[in-house]
Every structure is written in C-alpha cells, then in structure tokens.
Amino acid sequence: MVVKILAFGVAKEIFNTSQLSVDMGGKSAIGDLKQTLELQYPRLASLSSYMVAVNNEYAGNEVVLVGNEEIAIIPPVSGG
Amino acid sequence: MIDIVLTDRPLDITNCINAVMTPAAGGIDVFIGTVRDATKGRRVVRLEFEAYEPMAISEMKKIAEQSTAQWPLHKVVIHHRTGILEVGEVPVVIAVSAAHRGAAFDACRYIIDTLKQTVPIWKKEIFEDGEVWVSATP
C-alpha cells in the first residue's frame, strides 16, 4: 500500500519535504509505516521520539490504515 | 466558554484577559509565554513556530475541555502564535477564570504543561551561529 504523509518540524528536514508518498509493500499498520520510514530515513530513529497522527488524532502502532487517511509524522512537540 | 486561536498575528494579552472576565468569577489566572534571549548560555536571535494547524487546534480544544471537566472554571482562552517571533514577543497566552483562585491557578498550569506535551506545534531556536528544533534529539 502507498500512503501519503505530512511532515513537520525536524521530520520535514529529515525527509527534505513536507509531503511524501511511502510504499509500505503489503503492510498497513502504523508500526509498519514507522519501520519502513526508519529504514529509508535512519535519522528518524535518532529523534528523542516521534508519533504518527491519523486524521488529526495520535495513533498507536497497532492502528491499521486503509489508505485514504490524513497521516502526519509528529516529531517531539515544543510549543508554548 | 472556550476560545482557541492559532494565528500568525501578534497576540493581544488584554483581549485574552477581557474574554474570560465574568461577574461570576472571583479571579483570573493568566500565563504569558515570552521569547527568552538565551538558551544554555547561547544567545537566541529569534524563534520560528510551525504548527500542524487542524490538529493543533483540536488538541488545544481537548486540553481546554479536560480542564473544564476537572475544575469548576468559567472561561478558558488559549491563544498561540505561529511564524517568526523576536526576543520578548509572546508565543502563547492562557487565561482562565473561576469562582475561586485555586481552580484558576491549577487549571492554568495544567493547560500550559499539557500543551507543551501534546499540541503539535514546533519551535526552532535560531542562534547567532546555528539553529535547532527544540526537544527534537536527546
């Protein structure tokens, strides 16, 4: 499955773009997406942490994607 | 009443305080974040704030709703800036009114502490000799 993701903050710099498509092969869970991204972009794994949001809500590794969601990579937040 | 704003325009502190005033309130607690001129001895030139806007707004709304569920509050205002901020400028204003000060103090602290943990907003510190996304790496 190919999913489109949005990237913010330091993630945008790691991917060198704010939007990208990721081919997850036959996999479709958030955990698989993270694994795929970390293989392609090893710097992602060196962050303090990062989360994935699906349709504007934080999503755990077990959440399964169907492909039409708005997916965002959320590096450690630092507002305020 | 809950009022959430994410904007690239300067925040109006007086407006935030006025928005939570009500005859039913016995007090108002306000947190004003300001851009500090140094981090660990390095001089900060400016900050750049970026937000995942729809989610940032919904997460701020969640925090405000959690605070009104947890404490007897009258009104809650959370205003946050995006874009480039110079030293001394105001990235965030939180104002809370309640019948009694204890709830207002506690809720205001809860809101800023939680905002810093969950709301998808990022700041980059620009120094004279480099720049860094705050909290990004261990």
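Read on for an overview of the structure. (Residues numbered from 1 in each chain as written. Chains lettered and ligands numbered in written order. Predicted model: local features only at pLDDT ≥ 70, side-chain atom pairs only at ≥ 80, totals over all residues. Heavy atoms only, no water.)

## Focus on the interface of chain A and chain B
Interface size is commonly expressed as the accessible area that is lost once the parts come together. Each side of the interface is counted separately: chain A has 23 residues, and chain B has 29 residues. Summing both sides of the interface, chain A and chain B together bury roughly 2000 Å²; the carbon and sulfur share of this comes to 53%. Summed over the shared surface of chain A and chain B, the number is 19 residue pairs in polar contact (both at pLDDT 80 or more). Of all the secondary-structure elements, those providing two or more residues to the side of chain A that touches chain B are β1 (2-7), α1 (9-15), β4 (57-59) and β5 (71-74) of chain A. Of all the elements, α1 of chain A adds the most residues to the side of chain A that touches chain B, at 4 residues. A per-class count over the side of chain A that touches chain B returns 12 nonpolar, 7 polar and 4 charged. (Contact = heavy atoms within 4.5 Å. Buried area = accessible area lost by both parts, 1.4 Å probe. Polar contact = N/O pair within 3.5 Å; in protein donor to acceptor, adjacent residues only side chain to side chain. Helix = DSSP H or I, 4+ residues; strand = E, 2+ residues; numbered from the N terminus. Nonpolar A, V, L, I, M, F, W, Y, C, P; charged D, E, K, R; others polar.)

## Some details on the environment of Ala64 of chain B
Residue and element names in this part refer to chain B. Inspection of the secondary structure assignment puts Ala64 in helix α2 (residues 53-70). Residue classification places Ala64 among the buried positions, given a relative accessible area of 0%. Sequence separation of Ala64 and Ala107 is 43 residues, and the distance between their C-alpha atoms is 8.9 Å. Other than its neighbours up to four places away in sequence, Ala64 contacts Ile2, Ile4, Val76 and Ile78. (Buried < 20%, exposed > 50% of the residue type's maximum accessible area, 1.4 Å probe, protein only.)

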